[in-house]
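Letter by letter, the chains look like this.
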Amino acid sequence: MKGPKEEIVYVVCLQPCARDTGKHDYLATVDVNPNSPTYSKVLHRLYVPYVGDELHHSGWNACSSCHGETRKKRNRLIMPGLNSDRVYVVDTETDPIAPKIVHIVEPSEIRDKYNVTAMHTAHCLGSGEIMISVLGDKDGNAKGNFILLDGEDFHVKGLWSKTSTQFGYDFWYQPRHNVMISSEWGAPAAFRNGFSADDVLNGKYGHSLHVWNWKEKKLQQVIDLGTEGLVPLEIRFLHNPDANEGFVGCALSGNVIRFFPKEDGTWTFEKVIDIPSKKVTNWALPDMPSNISDILLSLDDKYLYLSNWCHGDIRQYNITDTKYPKLVGQIFVGGSICDDGNVEVLEDKELKERPKPRYVKNKRIEGGPQMLQLSLDGKRLYVTTSLFSAWDKQFYPNMVKNGSVMLQIDVDTERGGLHLNEEFLVDFGIEPDGPALAHEVRYPGGDCSSDIWC
């Protein structure tokens, strides 16, 4: 928490109609120093050489799990393509503002050799290796596992485990408790074509957590969350390496689940945050879930933040008592229920009136709050609005047409509270190659969702 204040951040950006336009995804370097003349501007764009990768998440070659390993340096950003099964290794050390690609892992080295596809979360390991979750097989069926890359030359070492799970998505390990927990999204063949309620009914989306023996790389337990845990996405253990509990946001159920071990060593769960759906018309479903698409924890484990991509709000909870999170901050920045939209809200258990659309520097915020990133001191929360291109086109076509944005929320770290910084806006609708969709944000020195302590 006492690390240097962020001056630049890296943001993965994709072209929503890449295969039609031939335009390339890229990594944007954004100036976040308020004393800089280029504050909230894109300083550099590193274009990838192929079309249609769907850059989504990224991770580092080294992080806090490598503490004490003097040979390791955080100088390579790992960027998997969710739709291409290609991995880019980016040098951020030589020129932090203008990073360069130094290695590419081709799909033939992953999809063809190991029958896995749709790479998502990348974490460095204490061993110096890099682990990337996969979500399916080469035919697009659901299949969860993890690819290992060598931390020096980045060659593919194989699958982390001999056991595959029914679904895959995110993961977080806690070495002092010899445990890793992974979550589930859906079958690539389903989510790559947009969201369909029939796919949920037909078992194409997940509702379980997987508990692994970290040292033995073996699956120990599957925790079925049932209807309370439909589509459990981002996994967050507490940052304290001695802690043996954490949270997962369940998108379709609109719940946050706390997971923890029982006295007999098995793991269980309880719902600790419940965001009710809204009854609506002129939308994809008669009941609109909040769609909790991201959660993260402050480095001091005091606050949990979540984004409701469909409802349009960001929430801050005090989790000093992890069993009873307390809502202390909330702000609306877009979403599907704005009072000038086509969606009609018939029943809302939380709001008395619909939120108004949000503008920053005369730019209407299209889409809803999606990926979150918190400053090390916990005082600045960055948010982007794109979830996944196929879903963006389905739920927020105006965002695809006009481009997504990156916003900054000022955080009250003492009492709680969220306030929009009206001076900060990264408008990806005015990019040189046309409107782009921005997703995950990374700090050069590590952040709340990249680093795991051992």
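What this report covers is the structure whose coordinates are included nearby. (Residues numbered from 1 in each chain as written. Predicted model: local features only at pLDDT ≥ 70, side-chain atom pairs only at ≥ 80, totals over all residues. Heavy atoms only, no water.)

## Things to note about the packing of aromatic side chains
Line of reasoning, step 1. Per the stated rule, a full pass over the model turns up 27 aromatic pairs.
Line of reasoning, step 2. Note on Phe146 and Trp212: the rings are 5.7 Å apart at their centroids and 80° apart in plane angle, and the pair reads as edge-to-face. In this pair, Phe146 is assigned in strand β10 (residues 142-149) and Trp212 in strand β14 (residues 208-213), connecting sequence segments 66 residues apart. In this structure, Phe146 and Trp212 share a single accessibility class: buried.
Line of reasoning, step 3. The interplanar angle of 85° and the centroid separation of 6.2 Å between the aromatic rings of Tyr382 and Tyr443 together place this pair among those described as edge-to-face. Taken together, the residues span a long stretch of sequence, with Tyr382 in strand β30 (residues 380-384) and Tyr443 in the segment after β34 (437-442) at a distance of 61 residues.
Line of reasoning, step 4. With relative accessibility at 0%, the residue Tyr382 sits in the buried group.
Line of reasoning, step 5. An aromatic cluster is built from Tyr169, Trp185, Phe191, Phe195, Tyr205, Trp283, Trp309, Phe388, Trp391, Phe395 and Tyr396, whose rings are joined through pairwise contacts.
Line of reasoning, step 6. The lysine or arginine in question, Arg86, covers the ring of Tyr50, its NZ or CZ lying 3.7 Å from the ring centre.
Line of reasoning, step 7. Over the ring of Phe260 we find Arg258, and its NZ or CZ is 4.1 Å from the ring centre. (Phe/Tyr/Trp six-rings, centres within 6.5 Å; stacked < 30°, edge-to-face > 60°. Helix = DSSP H or I, 4+ residues; strand = E, 2+ residues; numbered from the N terminus. Buried < 20%, exposed > 50% of the residue type's maximum accessible area, 1.4 Å probe, protein only. Lys NZ or Arg CZ within 6 Å of the ring centre and 35° of its normal.)

## Some words on the sheet that holds strand β8 (residues 117-124)
The pairing of strands in a sheet comes from backbone hydrogen bonds and takes either a parallel or an antiparallel form.
Line of reasoning, step 1. On the basis of which strands lie adjacent, the open sheet formed by four strands has the order β8-β9-β10-β11 and antiparallel pairing. A strand with exactly one partner marks an edge of an open sheet, and here the two such strands are β8 and β11 (156-159). Pairs of neighbouring strands in the sheet enclose a mean axial angle of 25°, with direction left out of account.
Line of reasoning, step 2. Sheet analysis places β10 next to β11, joined by three bridges and oriented antiparallel. Paired with Ile147 across the bridge in β11 is Leu159. (Pairing = 2+ DSSP bridges. Axes fitted to C-alpha atoms, helices over the stretch in contact; angles between N-to-C directions.)

## Details of the sheet that holds strand β24 (residues 313-318)
Line of reasoning, step 1. Pairing within the open sheet is antiparallel, and its four strands lie in the order β22-β23-β24-β25. At either margin of the open sheet sits one strand with a lone partner, and together these are β22 (292-297) and β25 (326-332). Neighbour-to-neighbour, the strand axes of the sheet open up by a mean angle of 20°, direction not taken into account.
Line of reasoning, step 2. With six bridges joining them, β24 and β25 adopt antiparallel strand pairing.

## What to know about the environment of Gln370
Line of reasoning, step 1. Along the polypeptide, Gln370 turns up in the loop between β28 (363-364) and β29 (372-374).
Line of reasoning, step 2. Gln370 sits 56 residues away from Ile314 along the chain, and the two C-alpha atoms are 8.8 Å apart.
Line of reasoning, step 3. In terms of polar contacts, Gln370 uses its side chain to reach the side chain of Ser293, at 3.0 Å. (Polar contact = N/O pair within 3.5 Å; in protein donor to acceptor, adjacent residues only side chain to side chain.)

## Thoughts on the side chain of Asn61
Line of reasoning, step 1. Looking at the secondary structure, you find Asn61 in the loop between β4 (59-60) and β5 (76-80).
Line of reasoning, step 2. Only 2.9 Å separates the side chain of Asn61 from the backbone oxygen of Lys73, close enough to count as a polar contact.
Line of reasoning, step 3. Within the structure, Asn61 has its side chain in polar contact with the side chain of Asn75 (distance 3.1 Å).
Line of reasoning, step 4. Each residue touching Asn61, except ones within four places of it in the same chain, is listed here: Lys72, Lys73, Arg74, Asn75, Arg76, Ile78, Cys124, Gly128, Ile130 and Phe154. (Contact = heavy atoms within 4.5 Å.)

## Structural notes on the pattern of salt bridges
Line of reasoning, step 1. The final tally for this structure, using the stated rule, is 29 salt bridges.
Line of reasoning, step 2. Lys73 is the salt-bridge partner of Glu93, the closest N and O atoms lying 2.3 Å from each other. With Glu93 in the loop between β6 (87-91) and β7 (100-105) and Lys73 in the loop between β4 and β5, this residue pair connects regions lying 20 residues apart in the sequence.
Line of reasoning, step 3. You can call Glu93 partly exposed: its relative accessible area is 37%.
Line of reasoning, step 4. Residue classification places Lys73 among the partly exposed positions, given a relative accessible area of 45%.
Line of reasoning, step 5. Bridged by salt links that share partners, the residues Asp170, Glu234, Arg236 and Asp294 form one connected network. (Salt bridge = Lys/Arg side-chain N within 4 Å of Asp/Glu carboxyl O.)

So, to be careful, I would describe these as geometric facts and stop short of saying anything about function.
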